[in-house]
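A structural walkthrough
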Amino acid sequence: MKIIIARDYEEMSERAAKIIIDLIKRKPEAVLGLATGATPIRLYQLLVQAYQRGELSFEKVTTFNLDDYVGLNKNSRDSFYSYMHENLFSQVDIRPENINLLDGSASNLTDECLNYERLIKEAGGIDLQLLGIGLDGHIGFAEPGSSFDGRTFVVNLTKSTIETNAKGFIELKQSPTQGITMGPGTIMEAGQILMLANGLHKAPIIHKAFYGPVTEDVPASVLQRHPDCLVILDAAAAGE
Ligand code: GLP
């Protein structure tokens, strides 16, 4: 894997945007795996700006988001569906039928997981998977202990994830305790991985995940085995 240390959040986001813009220019029908959270917000703004400048079109792009909360209606302002629409989809020319998100309010979650895996296959697989990292090393919502072979599944969130994410809720009073997420096995099949992390609080887990042993206790450590994984950090996250 390759690690780039950017000066700051802005440079990290600019470098990531360039990679995604270049991919879409090279392959207009690219299949992108997308992430939510605070980390990629600026990246999405830069993609929107590039679209507004006429530099690229999302018309043929297909997207698959990593995860969402179980039990949360997609129209809730706290759903990852709302996040994606607000930060990216409503501002570019992506076709609604090319947008794929896991529905945590589906009546049959097992079917929802199996169906998602089928849709990814039918789309020809994910060309580039964007990732953030949780403070406990999770990728998507695949928490410590998740099998490296795991496919899309329903997961009990850790205390650390529940507490960290609770801070960002707009409507929710109580944190969801379960997520629905691509598994490490699904993520590892993407052609290319682009992980972003910024801020001092991410430094210990970045060190553990990429300079420590590959172990299911630290889900992100599996990325050490990916043949084309780029991690872009700001100087703070690279601190350790
Ligand atoms: C969340 C999401 C992940 C995200 C990660 C980091 O729980 N499920 O997809 O990458 O945690 O979030 P942030 O970017 O806000 O630090």
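Look up a bit, the structure's there.
Quick caveat: nothing in here was measured; it's all calculated off a predicted structure. (Residues numbered from 1 in each chain as written. Predicted model: local features only at pLDDT ≥ 70, side-chain atom pairs only at ≥ 80, totals over all residues. Heavy atoms only, no water.)

With that out of the way, let us pick up the packing of helix α1 (residues 9–26) against helix α2 (residues 41–52). Between α1 and α2, whose axes approach to 8 Å, the crossing angle comes to 50°. By the criterion of interaxial angle, the relationship of α1 to α2 is oblique. Taken as a pair, α1 and α2 cross one another with a handedness that is right-handed. Mapping the contact onto sequence places Tyr9, Glu10, Ser13, Glu14, Ala16, Ala17, Ile20 and Ile21 in α1 and Ile41, Arg42, Leu43, Leu46, Leu47 and Ala50 in α2. (Axes fitted to C-alpha atoms, helices over the stretch in contact; angles between N-to-C directions. Helix = DSSP H or I, 4+ residues; strand = E, 2+ residues; numbered from the N terminus. Parallel < 35°, antiparallel > 145°, perpendicular 65-115°, else oblique. Left-handed = near helix turned anticlockwise from the far one by under 90°. Contact = heavy atoms within 4.5 Å.)

Moving on to the site of the ligand. The environment of the ligand is made up of 13 residues, and the closest members are Ala38, Thr39, Asp67, Asn165 and Lys202. Threonine 39 is positioned with one of its side-chain polar atoms (N or O) 2.4 Å from an oxygen atom of the ligand. Between a nitrogen atom of the ligand and a main-chain N or O atom of glycine 140, the distance comes to 3.2 Å. Within the complex, 88% of the 390 Å² of free accessible area of the ligand lies under protein. Judged by the proximity of its atoms to the pocket grid, the ligand belongs to the largest pocket. Classifying every residue of the shell around the ligand gives four nonpolar, seven polar and two charged. (Near = heavy atom within 4 Å. Polar contact = N/O pair within 3.5 Å; in protein donor to acceptor, adjacent residues only side chain to side chain. Areas by Shrake-Rupley, 256 points an atom, 1.4 Å probe, with all protein chains shown as cover. 1 Å grid on protein atoms, 1.4 Å probe; cavity = no way out; pocket = protein on both sides within 12 Å on 5 of 7 lines; lining within 4 Å. Sits in = over half its atoms within 2 Å of the grid points. Nonpolar A, V, L, I, M, F, W, Y, C, P; charged D, E, K, R; others polar.)

A few words on the side chain of threonine 63. As for its position among the elements, threonine 63 is in strand β3 (residues 62–65). For threonine 63, the residues in contact, after removing those within four places along its chain, are Leu32, Leu34, Phe89, Ile94, Asn98, Ile99 and Asn100.

Here α2 crosses helix α3 (residues 80–87) at 40°, and the two axes come no closer than 10 Å. Judged by the angle between their axes, α2 and α3 are oblique. Residues Ile41, Tyr44 and Val48 of α2 form the contact with α3, whose own contacting residues are Tyr83, Met84 and Asn87.

The next thing to look at is the pattern of salt bridges. Going through the model one piece at a time under the given rule, you end up with 13 salt bridges. Notably, a salt bridge pairs arginine 95 with glutamate 97, separated by 3.7 Å at the nearest N-O pair. Residue glutamate 97 is classed as exposed on the basis of its relative accessible area, which comes to 56%. One salt bridge in this structure joins arginine 118 and glutamate 122, with 2.8 Å as the shortest N-O distance. Separated by four residues within a single helix, arginine 118 and glutamate 122 lie in helix α4 (residues 109–122), roughly one turn from each other. Residue glutamate 122 is classed as exposed on the basis of its relative accessible area, which comes to 56%. (Salt bridge = Lys/Arg side-chain N within 4 Å of Asp/Glu carboxyl O. Buried < 20%, exposed > 50% of the residue type's maximum accessible area, 1.4 Å probe, protein only.)

With six of six residues buried, strand β9 (residues 192–197) is to be regarded as a mostly interior element. Every second residue of β9 is oriented toward a common face, with Gln192, Leu194 and Leu196 on one face and Ile193, Met195 and Ala197 on the other, all of them buried. As paired strands, strand β6 (residues 128–131) and β9 are joined by four bridges and run parallel to one another. Note on β9: the bridge partner recorded for leucine 131 is methionine 195. By the bridge criterion, five bridges tie β9 to strand β10 (residues 229–234) in an arrangement that is parallel. Paired with isoleucine 193 across the two strands is cysteine 229, which belongs to β10. (Pairing = 2+ DSSP bridges.)

If you add up the space inside the largest pocket, you get close to 920 Å³. Considering the residues around the largest pocket, the lining is formed by 37 residues, among which Thr36, Gly37, Ala38, Phe80 and Asn165 are closest to the centre. Every element with two or more residues in the lining of the largest pocket is listed here: β4 (67–69), α3 and α5 (159–166). Per element, the largest residue contribution to the lining of the largest pocket is five residues, and it comes from α3. Of the residues belonging to the lining of the largest pocket, the class tally is 14 nonpolar, 17 polar and six charged. Empty space within the second largest pocket amounts to approximately 160 Å³. As for the second largest pocket, its lining consists of Lys74, Tyr81, His85, Pro96, Ile99, Leu101, Leu102 and Asp103. The class makeup of the residues in the lining of the second largest pocket is five nonpolar, one polar and two charged. (Points joined across faces, edges and corners; volume = space filled by probe spheres on them.)

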